[in-house]
Structures are given as C-alpha cells and as structure tokens.
Amino acid sequence: MRIARFSIDGNVAFGVVEGDSPPGSTDGLVLNIIKGIPFTEFETTGTRVPLNQVRLLPPVLPSKVIGIGRNYAEHAAELGNEVPATPVAFLKPSTSVIGDGDGIAYPSFSQEVHYEAELAVVIGRLCRDVPHERVKDVILGFTCANDVTARDIQRSDNQWSRAKGFDTSCPLGPWVETGIDLATAANLTLQCTVNGQQRQLGSTSDMVRSVEDLIVHVSEAMTLLPGDVILTGTPAGVGPLNVGDEVAVSIEGIGTLTNKVITRG
C-alpha cells in the first residue's frame, strides 16, 4: 500500500495511492482519502482525488530524522573513510524535511552541495529498545530520501549538524510504501540521476548494517515516535549539485522522488 500526504484547497490529508502510471508520470493515479492518520488501523473514505490535482507533501512530519553515515563500504572509501566499527548516527531536524517537487535551497554558506540517494525507514509506532525480533512491528513502511549534504562544511566543521541539517536538506517521498518486508528491503535497487544522467546505482544488499541492526542501534539511545525516519546510508557515486539541477532518487518497488535545486531566497 502506498500512503501519501497531500494538500488540496488548503486542506491537508493522507490518502492511499491507487492505480498505475508510466514511470515519471502521475497520470492514472488517484488518492483514496484516509479517515484520520495512518499510524493506527484506518479506513478510507471512498472519496478519490486525482493525484495530479493535489500538491504532494512530505509523506510524514517526523519529530526527528536519524541519518546513518558510511553504511556502504564503497561510499566510505570514495570519501577517504573507513567503515566505522559501530554505526555513525546524526540528526537532521524536522525543518530540513521537504516533499516531492519542492525546491532544495542551496545554502549560502556552502560551495559544495552533494546528493545522496537513500532508502528511508518510516517508524509506525512509539518504541524504545527494540529487539531484532520486533523490528518488523515498529515499521510503517519505506520511502525515498535524499540526504543532501554540504560536503565542504562537513569537512570544515568536523561534525555534521550544519552540513546535513540545513533547511530543505532532507527531501522525502513521494509516498510511504507499506508492502515491503525486511527481506525485500534488504535487496532493493536504488539510483540517483541529475538532469536525467545517472550518478548513483546501487543495492541495499550492499549495506554494511541491515535495517534491523540500525533500528536496534538507534532505539537503544532514543525513543522513536510515529513518523520518525531513519536514513540507511548511500551507495558510492555521490557528487555535486548546482542551482538549476533536477535531482531524482528512484528505489525499486517504491517510486521516484524529484526535486530541483534553487537559489535560497
């Protein structure tokens, strides 16, 4: 099931995405509006709206986004780093989150902004100290993410808050796919294109640590709330973005998240 969050006529709602469409198009897709929110058992209203008549919003509004660094060995190597002995976690604030079609505002303090295509895990229930055998019970689903990073600031600051937490640095979307189990999530193809040119192509099978391991690790330290997001790392091939570029993250079985880089106003 694909669950989207959207705005129409000034109202915000969740809906189940129904139908099929050609790649890169929303033609033929409709939203069956949900009663309430999707973090508990829910019903659909039967009221359907064409998806191309609404504005897609970030599929969730997380209280926090937890990123995991260097979770693909080749990506760690391309930046001259070793794979860490334990996962490197960092936070992106809720103000960094944008949705499909929103602009990535190039930060004024950076000269080297990079794309990073990632599989994102969306938490579905309040949880803490999650054991491996219960991980599947706390996941709502998966979505596409772009962990946009000011690479020069990441190097100069020696910590990642500004580099990865600036406004618009966390595109998420276009929706949450709830029909992917953990075994499937462990072998998904993901790619990133910039202006239609492929820049990253990888598989979640190359992750150093699994989705299960990451949720166990993060939940040992902090309580996760419904709608919180864990970014699982990026494969090799990261590189620069410039104002005017269109960057797209596509993940097998989920969809495509597309954003344009704009000048910060």
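We now turn to the structure provided with this report. Not measured: the values here are computed from a predicted model.

### Observations regarding the pairing of strand 16 (residues 197-203)
Taken together, the six bridges between strand 15 (residues 189-194) and strand 16 define a ladder with antiparallel strand orientation. Following the sheet pairing, Leu-190 is matched in strand 16 by Gly-202. Remark: two residues form the turn of the hairpin made by strand 15 and strand 16, two consecutive strands paired antiparallel; Asn-195 in that turn has positive phi of roughly 55°.

### Focus on the pattern of salt bridges
Across all of its chains, the model carries eleven salt bridges by this definition. The salt bridge involving Lys-92 is made with Asp-147; its shortest N-O contact spans 2.6 Å. Within this pair, whereas Lys-92 is found in strand 7 (residues 88-92), its partner Asp-147 is found in the loop between strand 12 (139-146) and strand 13 (149-150), the two being separated by 55 residues in sequence. We note that Lys-92, like Asp-147, is buried. For the salt bridge of Arg-155 with Glu-112, the shortest nitrogen-to-oxygen distance reads 2.5 Å. In this pair, Arg-155 is assigned in helix 2 (residues 151-157) and Glu-112 in the loop between strand 9 (103-106) and strand 10 (113-115), connecting sequence segments 43 residues apart. Residue classification places Glu-112 among the partly exposed residues on the basis of a relative accessible area of 23%. Here the salt bridges share partners, and the residues they tie into one network are Lys-92, Glu-116, Asp-147, Arg-151 and Lys-164.

Calculation notes
Residues numbered from 1 in each chain as written. Predicted model: local features only at pLDDT ≥ 70, side-chain atom pairs only at ≥ 80, totals over all residues. Heavy atoms only, no water. Pairing = 2+ DSSP bridges. Helix = DSSP H or I, 4+ residues; strand = E, 2+ residues; numbered from the N terminus. Salt bridge = Lys/Arg side-chain N within 4 Å of Asp/Glu carboxyl O. Buried < 20%, exposed > 50% of the residue type's maximum accessible area, 1.4 Å probe, protein only.

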